[in-house]
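# Structural description and commentary
Okay, here's what each chain looks like letter by letter:
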Amino acid sequence: MNSVIYDTYTIFWRELKRYKKSRSGVLIRLIQPAIWIIVVGNIFSETQPLIQSVGFEGEYIEFMAPGVIILTAIFTSIFGGVNTLWDRRYGFMNKALTSPISRSAIALGKMSAISLIAALQASLIIGIALAIGVTFPNPLMIIPIMGIVILFSLGFSGISVTLAATSKSQETFWGMINFLGIPLFMLSPALFPLELLPDWLAAVAKLNPVTYTVLLVRELMTGVSEGGVPVLISIGIIFAFVIAMVAIASYVFTREVNKPF
Amino acid sequence: MVAVNDVSFSVEQGEIFGFLGPNGAGKSTTMMIFTTLLKPTSGQAIIAGFDVTKDAKHVRENIGFVQQETAVDEYLTGRENLILQAKLNHIPKKEINKRIDEIMDLIELTDKQHQAVVTYSGGMRKRLDIAGGLLHHPKVLFLDEPTVGLDIQTRRKIWQYIKKIHIEFEMTIFVTTHYMEEADSLCDRIGIIDGGKIQVIDTPQNMKNALGNEIISLVVENNDNHNSFLVELKKIEFIKKINEDDSKLILFTSNGTEVIPKIFQISSNLGIKITSISLTQPTLDDVFISYTGHEIRDDKSKFNRKIEHAKMKRMRA
C-alpha cells in the first residue's frame, strides 16, 4: 500500500513538472473560460429578470461565474488524459510499465495531477471573475469551493484517462472528448437555472453530475440555493461519481496498457 | 499471427549478448516478451531467475530497458529525467543523488544536467536514456538498437559507454542490433534471428572462423556451362561453402591465394568469362548471409504489405 502511494506520487510529480514547464499551456487553457465569463457573461446580462424569477438577486455574471469555474474544471481535466496517448507513443509508458510500479499507480498519479492542474486553472478563473467585479459574500468559501473543484475534476480526469487508455489514436480521443464535454456542460444549470429548462431536459440534467457540482458551488459562492437539492445530497452524488470514475479508470487503464499499442 | 516461433536460448550471467536480425525478424517482439510488455502465447522465459508471465513484478525489479526510440521527457531537465527513473525503480531516497552524480559523470553530461532535454543532441539524449536504464543497477540490461540513427562517432562513443558500464556494474547486457560491426565489437556472443527463428548462436570469432578465413567474390557472365562451373568449383578442397546471388558468386574458403588461380583455370576450360574477382576477410555480414541466404535488410521479394502492417501495429510502442 505504501509503495502504491509512493508510486502514485512519482507519476504525479512528473505530470506537475511537465505542467509547470509549459507556461503557454497554462494560458491557452485559460482562453476559452475567460471568453465565456467575459463575453457570454455580458451578452446575457439582460437576462437578469429571468434569473431573478428563480430567486437569484445578483447580476447574471455572478450567476454564471460558478458555471464557468466548473467549465474550466471540466475541460482542463477531460483534456488532461491526452498525454497518456503521447506517453504510449513515445515510450515513456513502456519505461513505467517495465519498472516495478503498479499499473493502477500510473493511472492514479495521472488522475490526481490532472485534477490538481484543473483546480489551479479554475482558481485563475476565480481571479478573473474577481477582477471583473464578481463579489463573494464570504471570501472564505473559496476554500471549500476549491475542495469541490479538485474532487469533481478527479472524476472527470477518470473519464479522460479511461478514454485515452482505450483510444488507439488522437482522433478517436478528441472525437469522444468533444462528444462528451459540451453536452455535459450545457445539460447543467451552469448558464441558466434548471427551472427554466423544459421538463424533459431538466430530467436529463438531473442525471448529470455536473448539475450537482454547479448547484453546490453556486450555493457556496452566492449563498442562494436553487433546484431544491440539499447540500449533503449533492456532495454524496459527487463523491459517488468520483469513486466510480476513478475505479473504472484504474481498471480500464490496467487492462488496456497490457495490450500492445 | 506468429512473430517469433521456436526461439530457445540462454544468456550467461555477465555477458553481452547480441541479438541480430533484419527488420521485422522478431527482435523487438522477443525483447518485449523479456521485458514483460507482451505476454507470450506459449513458451516460457526466465529473466534473472523469474518467469516473465508468472512473476512479472520480480522480473521488472531486476531489469533495465532502453527502447529503440529514445524515451526521455523533453520538458524535464536531464537530472529530472534521472530522478524520475530512480523513483520509478524504487532506488532508496538517500542514494538517489549519489547515483545520479555518478552516472552523470560516466555519461559526461554533468555540466548539462540542469538544462531541459529539448536542448540536447540525439547522442546526448541516447546517453541519458541508457543512463536511466541502468541507474538502479539491474541484473539484466536490455538495449533495443541502442545506436540506430546515430552518426558513427556517437555510435562508437555509445559502445564505449556500454562496455564501461558492463565492466563497472557487472551486469548482463542483452542488445539487439542490425549493425554487424556493432555486434562484432561489442558482444561476447551473438544469436542470429531471421523469420522468427534462431539460426545460430556463437561468438563472433567462431562464426567467422566457421566460414573459413577468407572470402572470394566473383562476378561471372552467365553461360550454358554455369552449372558445371559450380560443380567444378565445389571440387576445390579449400572451398567450404558457395552462395549464389544472380551472377555473383561468394565462396567461403581458406588459402584464397591458391584458390584464385584454380578458379581461373576452371573458367577458361569452360569458356566462362569472369568480370571481377576479389579476396576479402569474412565479416559478420558474410556470416549473416551464409546463415540466412540473404543480406541483412528487408527482403523486398517477400514483402507483404498486410503482414508488415500488422507487425508494425504490434510492435509500435
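What counts as what
- Numbers given for residues are sequential positions, taken from 1 along each chain in its written order.
- To label them, take the chains in the order written and letter them from A, then take the ligands in the order written and number them from 1.
- For a predicted model such as this one, the threshold for reporting local features is a pLDDT of at least 70, and the threshold for listing and counting side-chain atom pairs is 80 or more; totals across whole chains, interfaces and linings nevertheless cover every residue.
- Working definition: helices are DSSP H or I runs of at least four residues, strands are E runs of at least two. Numbering for both runs from the N terminus.
- Counting other C-beta atoms within 10 Å of a residue's own tells you its class, since 20 or more makes it buried, 12 or fewer makes it exposed, and anything in between is partly exposed; those C-beta atoms are placed from the backbone.
- Remark: residues whose backbone-derived C-beta atoms lie within 7 Å of one another are considered to be in contact.
- Under the grouping applied here, Gly and all other residues not named as nonpolar or charged are polar, the nonpolar ones being Ala, Val, Leu, Ile, Met, Phe, Trp, Tyr, Cys and Pro and the charged ones Asp, Glu, Lys and Arg.
- In this description, strands pair whenever DSSP reports at least two bridges between them.
- Orientation is described by lines fitted to C-alpha atoms, with helices fitted over the stretch in contact, and by angles between N-to-C directions that extend from 0 to 180 degrees.
- Helix span is expected to be 1.5 Å times the residue number reduced by one.
- As a per-residue quantity, pLDDT reports the predictor's confidence and falls between 0 and 100.
- Call a crossover right-handed when, viewed with both strands pointing away from you, the route from the first strand across the helix to the second goes clockwise.

### Let's talk about the overall build of chain A
Scanning chain A from terminus to terminus reveals twelve helices and zero strands. Along the chain direction, N to C, the helices and strands of chain A fall in the order α-α-α-α-α-α-α-α-α-α-α-α. Once the C-alpha set of chain A is aligned to its principal axes, its extents read approximately 60 × 35 × 35 Å. Within the span of chain A, comprising 261 residues, buried residues form 47% of the whole. In chain A, the proportion of contacts linking residues at least 24 apart, taken out of those at least 6 apart, comes to 82%.

### A look at the overall build of chain B
From N to C terminus, chain B includes twelve helices and twelve strands. For the C-alpha atoms alone, the extent of chain B along its principal axes is close to 80 × 45 × 35 Å. Contacts in chain B between residues at least 24 apart in sequence constitute 72% of all its contacts with a sequence separation of at least 6.

### Brief notes about the interface of chain B and chain A
Residue-level contacts link 24 residues of chain B with 19 residues of chain A. At the level of secondary structure, the elements contributing two or more residues to the side of chain B that touches chain A comprise helix 2 (56-62), strand 4 (63-66) and helix 3 (78-88) of chain B. When residues in the side of chain B that touches chain A are grouped by element, the largest group, four residues, is from helix 3 of chain B. Residue classes in the side of chain B that touches chain A are distributed as ten nonpolar, five polar and nine charged.

### As for the sheet that holds strand 5 (residues 140-144) of chain B
Residues and elements named next belong to chain B. In spatial order, the strands read 4-5-6-1-7-8; together these six strands make up an open sheet with mixed pairing. Each having just a single partner strand, strand 4 and strand 8 (197-202) make up the two edges of the open sheet. Sheet twist, expressed as the average angle between the axes of neighbouring strands with direction ignored, equals 15°. Where strand 5 lies against strand 6 (residues 172-177), five bridges are found, and the strand directions are parallel. Along strand 6, the bridge assignment pairs Phe 142 with Phe 174. Contacts from helix 1 (residues 27-34) reach strand 1 (16-20), strand 5, strand 6 and strand 7 (189-194), with the element oriented near 150° to strand 5.

### A look at helix 11 (residues 209-222) of chain A
Residues and elements named next belong to chain A. For helix 11, built from 14 residues, the straight-helix expectation of 20 Å at 1.5 Å per residue is met to within 8% by its first-to-last C-alpha distance of 20 Å. Burial runs high along helix 11: 13 of the 14 residues are buried. Directly beyond the C-terminal end of helix 11, a positive phi value near 80° is found at Gly 223.

### Quick notes on the environment of Gly55(A)
Residue and element names in this part refer to chain A. Its place among the elements puts Gly 55 in the loop between helix 3 (48-53) and helix 4 (60-80). Taking the number of C-beta atoms within 10 Å as the measure of exposure, Gly 55 has 11 and is therefore exposed. C-alpha of Gly 55 to C-alpha of Leu 27: the two residues are 28 residues apart in sequence and 36 Å apart in space. Not counting chain neighbours up to four residues away, the residues in contact with Gly 55 comprise Val 224 and Glu 226.

### Things to note about the confidence of the model for chain B
Caution applies to low-pLDDT regions: their predicted coordinates should not be interpreted in detail. Residues and elements named next belong to chain B. In the predicted model, chain B carries a mean pLDDT of 82, and the fraction of residues at 70 or more is 90%. Between the elements of chain B, mean pLDDT differs from a low of 60, seen in helix 12 (residues 305-315), to a high of 94, seen in helix 3. Across residues 296-302 the pLDDT falls below 50, and counting only partners more than four positions away or on other chains, this stretch makes ten contacts in the model. ipTM for the predicted complex: 0.86, alongside a pTM of 0.81.

### Observations concerning the pairing of strand 6 of chain B
Residue and element names in this part refer to chain B. Within strand 6, six of the six residues are buried, which leaves the element mostly enclosed by the surrounding structure. Neither face of strand 6 is open: one carries Thr 172, Phe 174 and Thr 176, the other Ile 173, Val 175 and Thr 177, and all of them are buried. Relative to strand 6, strand 1 is paired through five bridges, and the arrangement is parallel. Across the sheet, Leu 20 pairs through a bridge with Thr 177, a residue of strand 6. Crossover connection from strand 5 via helix 6 (residues 152-169) to parallel strand 6: handedness right-handed.

### Considering the sheet that holds strand 10 (residues 239-245) of chain B
Residue and element names in this part refer to chain B. Here four strands make up an open sheet; going across it, the order is 10-11-9-12 and the pairing antiparallel. What marks the edges here is a single partner per strand, and that holds for strand 10 and strand 12 (274-280). Averaged over neighbouring strand pairs, the angle between their axes works out to 15° when direction is ignored. Contacts between helix 9 (residues 226-235) and the sheet are confined to strand 10 and strand 11 (248-253), with strand 10 contributing the most and set at about 155° to the helix.

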